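One letter stands for each residue in the lines below.
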Amino acid sequence: MPTAFKSLARSCGLAALAASMFVFASPSAYAEEDMWPILKEQTFGDRAISEEDGLVVLETPSKIEDAALVPLTVRVPPSVKGKIKSLTLIIDNNPDPKVATLNFGPAAGTGGERSFSTRVRVDNFSHVRAILETEDGSLHMTKKFLAAAGGCAAMQAKDPDADTADMGKMIVRKFTPALESSPVWAAQVMVKHPNHNGMQLDINTAEFIPAQFVKEMKVTRDGELVFKLDGTFSISTNPNFRFTFGRGDENSLDVVITDTDGTVFEGQSQPKGS
Amino acid sequence: MCTPYPISRKTFLTAGLALAATPLLRYVPAHAAAMDVTEVAPGVFVHQGRYEVQSPDNRGDISNASFVVGSEAVAVIDTSGSAALGQELRDAIRAVTNKPIKYVINTHMHPDHVLGNVAFKQDAPTFVGHYKLSRALGTRANTYITANKQMLGDAAFEGTEIVLPTLAIKEPTTLDLGDRTLLLEPQGTAHTDNDLIVTDTKTNTLFLGDLLFSVHVPTIDGSIRGWLALLDEMGKRKAARVIPGHGPKTMELPEALEPEQRYLSAIAGDVRQQIMEGRTLAEATRTAGFSEKDAWKLFDQYHVRNVTAAFAELEWE
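Note that this is a predicted model, so its numbers are computed, not measured.

Considering the overall build of chain A
In terms of helices and strands, chain A carries three helices and 17 strands. By the burial criterion, 42% of the 274 residues in chain A qualify as buried. Sequence separation of 24 or more characterises 73% of the internal contacts of chain A that already satisfy a separation of 6 or more.

Some details on the overall build of chain B
The helix and strand inventory of chain B stands at eight helices and twelve strands. When contacts within chain B are restricted to residue pairs at least 6 apart in sequence, long-range pairs at least 24 apart make up 69% of them.

So, the sheet that holds strand 9 (residues 170-175) of chain A
Residues and elements named next belong to chain A. Taken together, the six strands give an open sheet; going across it, the order is 2-3-6-15-10-9, and neighbouring strands pair in antiparallel fashion. A strand with exactly one partner marks an edge of an open sheet, and here the two such strands are strand 2 (57-59) and strand 9. Ignoring which end each strand starts from, the neighbouring axes of this sheet average 20° apart. Summarising the sheet, strand 6 (residues 114-120) and strand 15 (residues 240-246) pair through three bridges and their orientation is antiparallel. Residue pairing for strand 15: Ser-117 is matched across the bridge by Arg-242.

Observations concerning helix 8 (residues 299-314) of chain B
Under the 1.5 Å per step criterion, the end-to-end length of helix 8 of chain B is 21 Å for 16 residues, consistent within 8% with the ideal 22 Å. The buried count for helix 8 of chain B comes to 13 of 16 residues, which makes it a mostly enclosed element.

Observations concerning helix 2 (residues 83-96) of chain B
Residues and elements named next belong to chain B. Given a rise of 1.5 Å per residue, 14 residues ought to cover 20 Å, and the 20 Å separating the end C-alpha atoms of helix 2 matches this to within 8%. Within helix 2 the residues assigned to the buried category are Ala-83, Ala-84, Leu-85, Gly-86, Gln-87, Glu-88, Leu-89, Arg-90 and Ile-93. Contact partners of the buried residues in helix 2: strand 2 (44-47), strand 3 (65-69), strand 4 (74-77), strand 5 (101-105) and helix 4 (133-157).

Considerations on the confidence of the model for chain B
On average, chain B scores 91 in pLDDT, and the residues at 70 or more come to 90%. Two summary scores accompany this predicted model of the complex, namely pTM at 0.86 and ipTM at 0.82.

Notes on the sheet that holds strand 3 of chain B
Residue and element names in this part refer to chain B. One open sheet accounts for seven strands, arranged 1-2-3-4-5-6-7; its pairing is mixed. One side of each edge strand has no neighbouring strand; the edge strands of this open sheet are strand 1 (38-41) and strand 7 (167-169). Strand-to-strand twist across the sheet, computed as the mean angle between neighbouring axes with direction ignored, equals 25°. In terms of strand pairing, strand 6 (residues 126-130) meets strand 7 through three bridges, oriented parallel. Following the sheet pairing, His-130 is matched in strand 7 by Ile-169. Helix-sheet contacts for helix 2 involve strand 2, strand 3, strand 4 and strand 5, and the interaxial angle to strand 3 is about 30°.

Description of the environment of A:Lys85
All names here are of chain A. Along the chain, the position of Lys-85 falls in strand 4 (residues 84-91). In this structure the C-alpha to C-alpha distance between Lys-85 and Val-256, which are 171 residues apart in sequence, comes to 20 Å. Dropping the residues within four chain positions of it, Lys-85 is found in contact with Phe-104, Glu-133, Thr-134, Glu-135 and Gly-137.

Conventions and cut-offs
- Residues numbered from 1 in each chain as written.
- Chains lettered and ligands numbered in written order.
- Predicted model: local features only at pLDDT ≥ 70, side-chain atom pairs only at ≥ 80, totals over all residues.
- Helix = DSSP H or I, 4+ residues; strand = E, 2+ residues; numbered from the N terminus.
- Buried ≥ 20, exposed ≤ 12 C-beta atoms within 10 Å, placed from the backbone.
- Contact = placed C-beta atoms within 7 Å.
- Pairing = 2+ DSSP bridges.
- Axes fitted to C-alpha atoms, helices over the stretch in contact; angles between N-to-C directions.
- Expected span 1.5 Å × (residues − 1).
- pLDDT = per-residue confidence, 0-100.

The structure is reproduced here in structure tokens:
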């Protein structure tokens with residue numbers, strides 16, 4: 001690359017980086033107010049929460065390119081030996097801060113790293129928090145800051161007609177570990193669903209597109225509960241989840257998803273591997 | 001004309017979002033000289049935008065804008081990224097001809113191609129676009145207005161509003177400019193879900209909009225699969241010249257398409273490989289398509305977003 005081009009690219013890059021950070025931020029919308037004390041009270045009452053104690057780890061992108069599709073991963077390291085009870089994801093400054101709560105069942109697995117990943121909308125610069133409840137009922141929190149905005153009002157569907165035609169299509173995929181005897185396996189569930197949050201205004205009709213989103217997802221392995229997830233519209237269009245589960249005899253996964261219209265979508269993994 | 005609501009209703013909404021003026025009272029911002037345009041074929045004029053992201057310095061002048069002059073009328077093809085730039089484009093047209101501006105055509109929904117539309121309202125033209133343009137732009141209007149106001153700054157953004165199409169193109173359609181016709185062909189989802197190819201049949205000039213990027217890294221806001229398939233089709237066309245949405249004023253087929261095909265193929269190949277290996281979206285954004293890094297301007301600004309879009313599409317294969 002010629003030197004002149006390089007320096008031009010670099011100077012543009014800086015300007016664009018600054019621009020991209022603010023690209024979708026509405027002028028006055030960044031809430032300086034710390035919402036967490038209220039959210040904590042609403043969600044966990046007066047229960048004690050241990051912070052940054054290493055029992056739960058949260059991974060977020062270093063630079064967010066699309067605020068309507070932000071990948072988040074929560075890990076519970078192998079050093080945590082016991083069962084896990086619940087996991088709550090909160091984005092403080094989202095219109096509905098609660099992203100999802102997972103209540104784990106007997107098939108959630110122990111004896112290895114457990115993890116959960118999904119993709120979320122970020123409406124405004126905000127902390128995202130993962131709160132883990134361990135077997136003894138104690139709460140453990142980690143948080144990261146998300147420098148992104150506008151993900152809720154943004155129209156995410158790039159091809160709405162194709163998505164509508166495919167609505168309800170579900171893929172349930174298992175990732176067979178290198179060592180089949182591993183006690184914790186990974187899987188993925190993806191479903192074609194607009195997860196409309198009711199915040200996209202269509203100026204053709206002067207109306208907001210009505211909210212319709214995945215409210216509940218139940219995952220079972222060989223008939224036993226892995227987790228039940230209660231979700232909100234903070235989860236991106238075409239909801240996508242990766243998670244771990246405890247190895248069973250058949251390792252057959254069943255998924256039942258219910259949206260806010262009461263529509264039920266069902267999916268099942270293939271009997272062998274992915 | 002088929003606006004579902006009176007103009008005042010739409011204007012009210014847009015005004016509420018971004019502006020405090022009605023079209024009648026709209027302050028026409030002070031603008032510099034007429035836009036710099038080049039006659040690339042008889043009666044075909046092109047302005048070349050900069051290879052940059054919108055900023056107060058470039059005032060949104062980052063995409064190509066064109067017009068075609070017939071014996072009876074003028075058609076504008078894309079209007080650049082603000083009211084002021086639209087006005088400067090209009091001045092450039094008026095420096096060439098006094099014939100009525102009958103059509104304002106948008107090749108797709110992106111703000112750097114449509115935000116100058118407002119400057120042509122005074123000509124009462126037919127605003128023309130792909131039949132899905134109205135929905136695509138309508139549902140993004142709020143976001144586009146907010147983002148562009150922020151990037152351009154209040155001064156450069158002054159007077160800018162969204163103008164939706166009044167003629168929706170669902171089938172190949174010709175527009176008569178007097179002694180020359182334009183052929184409008186709506187495409188399947190590719191760069192966006194509302195890409196329109198415009199051909200000036202007299203000079204066999206193809207206006208490809210953002211189906212063709214050159215120098216400026218392509219941006220995926222539709223379907224990488226659809227786009228690659230369409231590029232194969234486009235490569236079979238014969239044209240005297242093509243006008244990219246971002247790139248030099250004119251290029252030639254099929255060579256013009258090759259870098260873009262290579263870029264999109266690199267992303268698709270790498271992303272498919274990673275999906276097959278069970279890798280995540282976050283992992284893919286760190287490596288996929290980086291072999292193309294030195295081949296494009298603005299790679300750092302758009303590439304990771306492109307990989308994100310490609311991954312979210314290809315994981316459904």
